[in-house]
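Spelled out from the first residue to the last, the chains are:
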Amino acid sequence: SKINLTAKEFDLLYFLSSHKGQVFTKEQIYQHIYEDVESEVDNRVYGLVKNLRKKIEENPEEPHYIETIRGVGYRFRA
């Protein structure tokens, strides 16, 4: 079935999935996805991850694909 992603959600999915298993900080993710300098890095990346999880995870509360690495950031699990 088809999933409709925003451009930023797609960028996030593509970035994480093309670096499977690698852990990225929110700052690193932000730098790859957004081109502007922003003080709300954590909130914007968190919101993007949350929205993407709702679309691709069977259970967004217990995500399989986009894993939170507490205190560091996120990584994609195949």
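Counting of residues starts from 1 at the beginning of each chain's written sequence and follows it residue by residue. For this predicted model, a pLDDT threshold of at least 70 governs which residues receive local features, and a threshold of 80 or more governs which side-chain atom pairs are given and counted, while totals over whole chains, interfaces and linings are taken from all residues. Side-chain calculation: all heavy atoms of the structure are included, whereas hydrogens and water are not.

Draft legend 1. Up close: the pattern of salt bridges. In the sections that follow, a salt bridge refers to a side-chain nitrogen of Lys or Arg positioned within 4 Å of a carboxyl oxygen of Asp or Glu. Going through the model one piece at a time under the given rule, you end up with three salt bridges. The shortest N-O distance in the salt bridge between lysine 55 and glutamate 9 comes to 2.7 Å. You can see lysine 55 sitting in helix 3 (residues 41-56) and its partner glutamate 9 sitting in helix 1 (residues 7-17), a full 46 residues away along the chain. Notably, a salt bridge pairs glutamate 67 with arginine 75, separated by 2.7 Å at the nearest N-O pair. Each residue's exposure class comes from its accessible area (1.4 Å probe, protein chains only) as a fraction of the maximum for that residue type: buried when under 20%, exposed when over 50%, partly exposed otherwise. The class for glutamate 67 is buried, based on a relative accessible area of 17%. Residues participating in the shared-partner salt-bridge network are Glu67, Arg75 and Arg77. By the criteria applied, helices consist of DSSP H or I runs no shorter than four residues and strands consist of E runs no shorter than two, each listed in order from the N terminus.

Draft legend 2. Summary view of the packing of helix 1 against helix 2 (residues 26-33). Fitted lines through C-alpha atoms serve as axes, helices being fitted only where they are in contact, and the angles separating the N-to-C directions of these axes extend from 0 to 180 degrees. One way to put it is that helix 1 packs onto helix 2 with a least axis distance of 10 Å and a crossing angle of 120°. As the angle between them shows, helix 1 and helix 2 are arranged oblique. Considering how the two elements wind past one another, helix 1 and helix 2 form a crossing that is right-handed. Contacts between helix 1 and helix 2 involve Lys8, Asp11, Leu12, Phe15 and Leu16 from the former and Ile29, His32 and Ile33 from the latter. Classifying every residue of the contact of helix 1 with helix 2 by side-chain character gives five nonpolar, one polar and two charged. Orientation categories follow fixed angle ranges, with anything under 35 degrees roughly parallel, anything over 145 roughly antiparallel, 65 to 115 roughly perpendicular, and all other angles oblique. For any pair of crossing helices, the crossing counts as left-handed if the nearer helix is rotated counterclockwise from the farther one by less than a right angle, and right-handed if it is rotated clockwise. Every residue pair with non-hydrogen atoms within 4.5 Å of one another is taken to be in contact. Residue type decides the class: Asp, Glu, Lys and Arg count as charged, Ala, Val, Leu, Ile, Met, Phe, Trp, Tyr, Cys and Pro as nonpolar, and the leftover types, Gly among them, as polar.

Draft legend 3. Highlighting the sheet that holds strand 2 (residues 66-69). Following DSSP output, two strands are said to pair if at least two bridges run between them. If you walk across this open sheet you meet the three strands as 1-3-2, and the pairing is antiparallel. At either margin of the open sheet sits one strand with a lone partner, and together these are strand 1 (24-25) and strand 2. Where strand 1 meets strand 3 (residues 73-76), two bridges bridge the pair, whose relative direction is antiparallel. Residue pairing in the sheet places phenylalanine 24 in a bridge with tyrosine 74 of strand 3.

Draft legend 4. Expanded view of the pairing of strand 2. As paired elements, strand 2 and strand 3 share four bridges and run antiparallel to each other. Bridging across to strand 3, threonine 68 finds its partner in tyrosine 74.

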